[in-house]
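Spelled out from the first residue to the last, the chains are:
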Amino acid sequence: MQNYLIYCQLVTFLPYNLKINEQKDRFSLKQLLTSPETVIRAAILFICMFNASLLGLPYFGDHVTLISIPASDYYNSGFHSIWLPEGHATGHPPFYALLTALSWAIFGKSLVISHLLTLIFSLVLIAQYARLTKQMAEPRMRSLALILLLANPVFLAQMAAMSIDVFLTAVFLWGINVIHSRKKLLLVVACILLTISSLRGFMLVTILFIYDWFYHKYAVKQLTINILYYLIACIPITVYFIFQYQHSGWWLVPTDGNWSEGRQLTDKTTILPKLFEFGLRFIEFGLLIPMVVVIFYYLKNYQTYRFNHKFVLILIGISVFAVFIIPFQNSVLIRYLLPIQLLVLLLFCEMVMHFKNGILRKAAIGLTLVMMIAQHFVAYPETKSSAWAYNWGDGSLAHLSYFTFRTACHDYVVANKIPDDSIYAGFPDYKPFEYTDLNNDTIAYSSSDLSCSKYIILSNVMNNIPYCEKEQIRTQAKEVKRWSRYPVEYVLYENTNLHNKYNDEVSK
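Residues numbered from 1 in each chain as written. Predicted model: local features only at pLDDT ≥ 70, side-chain atom pairs only at ≥ 80, totals over all residues. Heavy atoms only, no water.

### What about the overall build of the chain?
Here is step 1: From N to C terminus, the chain includes 22 helices and four strands.
Here is step 2: Residues classed as buried in the chain amount to 51% of the 508 residues present.
Here is step 3: If you take every contact in the chain between residues at least 6 apart in sequence, the share linking residues at least 24 apart comes to 75%.
Here is step 4: Carbon together with sulfur atoms contributes 64% to the accessible area of the chain, which is approximately 24,900 Å² in total. (Helix = DSSP H or I, 4+ residues; strand = E, 2+ residues; numbered from the N terminus. Buried < 20%, exposed > 50% of the residue type's maximum accessible area, 1.4 Å probe, protein only. Contact = heavy atoms within 4.5 Å. Areas by Shrake-Rupley, 256 points an atom, 1.4 Å probe, with all protein chains shown as cover.)

### Structural notes on helix α19 (residues 401–415)
Here is step 1: Taking 1.5 Å of rise per residue, 15 residues should cover 21 Å, and α19 covers 21 Å from first to last C-alpha, within 8% of that figure.
Here is step 2: Taken as a whole, α19 has its buried residues at Ser401, Tyr402, Phe403, Phe405, Arg406, Cys409, His410 and Val413.
Here is step 3: Lining the buried residues of α19 we find β1 (423–425), α20 (433–436), β2 (455–459), β3 (478–485) and β4 (488–494).
Here is step 4: Positive backbone phi, at 55°, marks Lys417, one or two positions downstream of α19. (Expected span 1.5 Å × (residues − 1).)

### Brief notes about helix α3 (residues 62–76)
Here is step 1: Taking 1.5 Å as the rise per residue, α3 with 15 residues should run 21 Å; its terminal C-alpha atoms sit 21 Å apart, in good agreement.
Here is step 2: Along α3, the largest kink reaches about 30° and is centred on Ser68; proline Pro70 follows within four residues of it.
Here is step 3: For α3, the buried fraction is high: 13 of the 15 residues fall into the buried class.
Here is step 4: In the segment just after α3, Gly78 is the residue with positive phi, at about 70°. (Bend = angle between axes of the 7 residues up to and from the residue.)

### Observations concerning the state of the cysteines
Here is step 1: Following the criterion strictly, the structure yields zero disulfides and no others.
Here is step 2: Of all cysteine sulfurs, the one in Cys191 lies closest to Cys234, which takes part in no disulfide; the gap is 7.4 Å. (Disulfide = S-S within 2.5 Å.)

### A look at the sheet that holds β3
As a general point, the strands of a sheet are linked pairwise by backbone hydrogen bonds and lie either parallel or antiparallel.
Here is step 1: Pairing is mixed across the open sheet formed by four strands, whose spatial order is β1-β2-β4-β3. Across the chains shown, the open sheet's two edge strands, defined by having one partner strand only, are β1 and β3. The mean inter-strand angle of the sheet, taken between neighbouring strand axes irrespective of direction, is 15°.
Here is step 2: Inspection of the sheet shows β2 paired to β4 by five bridges, in the antiparallel sense. Within β4, the position partnered with Tyr455 by the bridge is Glu494.
Here is step 3: Helix-sheet contacts for α19 involve β1, β2, β3 and β4, and the interaxial angle to β3 is about 145°.
Here is step 4: Packed on one face of the sheet, helix α21 (residues 467–476) meets β2, β3 and β4 and runs near 120° to β2. (Pairing = 2+ DSSP bridges. Axes fitted to C-alpha atoms, helices over the stretch in contact; angles between N-to-C directions.)

Next comes the structure, spelled out in structure tokens:
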């Protein structure tokens, strides 16, 4: 009888126990799939696969000038001199270009090697960001932050472009982590790497210094000692600048060099448009909702967040960037702000997870992801005066078909024996193929005089031809060949105005 009662109890409670175990298994599986460790592994796999799909993609835009051309000079000269030929110097320290050239010297000069070098620093960036989230966020927030990092269109675009900003962001995040761990010697190394790689590295080092001061709350004596570490980190770049001046006769701004005009001070009439452009960059490419959430939640919970480390770090970053960028004529590029973007996403994850309304929380996260992904299918419209037009090719993958069309136009020019010096092209189309594709191709379109060129290439990808001239070309020039697939268009025109002018001169 006793055995029968035990059997009845087992039969009664077995389904309930099975149901409980099933719920536990489901919870464990969900926990496993969304755990930070799983997301990190998935992120590494995704980044490797993404990079593998880009191995043949050429250098693009500013990165040709910043990396490919200097690296080619070092490589072709056998590293004979650290000083670049006149016209190739950018004013930026050359460490990353040297590193690229050394990679070519060891493994062979190719786009594959350049992309793999970018992949290494992309993985370092992910590792440092994951480490930062571990120190500054709860587990459920960490996973979301890593997912938003992978969805960030600026990060993906810069990785595709083999951008130095991937390297700078990775080292900057490492610097923050080193500050948290109080390892001063590693912090010195991080600051050295930032300053010898780019002038913008000085902005990032300034952010690290101010945050270091805030985080550790140094007294006067400790602050003085801490300043010495940063001064030591500046010794290598100071020595480089001194020898640069002795060799070339200029500081920071090369004579008639790249971006020399952009480093001049703005005038009073352009300061307001520059402020608008600076503010616009912080809400582009999927950052609108995160910025709104961060500002609204901060104002609502001022007492809680006024000394929040993430918020203070973001505030320091925005302030330093504003001081170094707004007073100068150079455009505010979205890639400059990638480090701040990632910090905003981290703070956004913390705040949105504290929303009591689950529907509102899911809507904020979902819309942010949708807006980030949507950026890859959007091109800014061309307008007479626009702060938008310069950035969509630099902050998303919407421009990728540009490379297909550029190659197709190149082949058409070669097949029809059109002299390349008779073709005018705006930025970045005039970048020589030997530097974009890393081959022996000698074709390089002209960028000197549009009115005297027989042919004109017009593209909506970061082309610096003024809007009024574009409209004139479209209405008056003869369309020779068009390549287009939304959102990119690439058109070869024949300059009929030049032809008519020639006939007029002959008839006279």
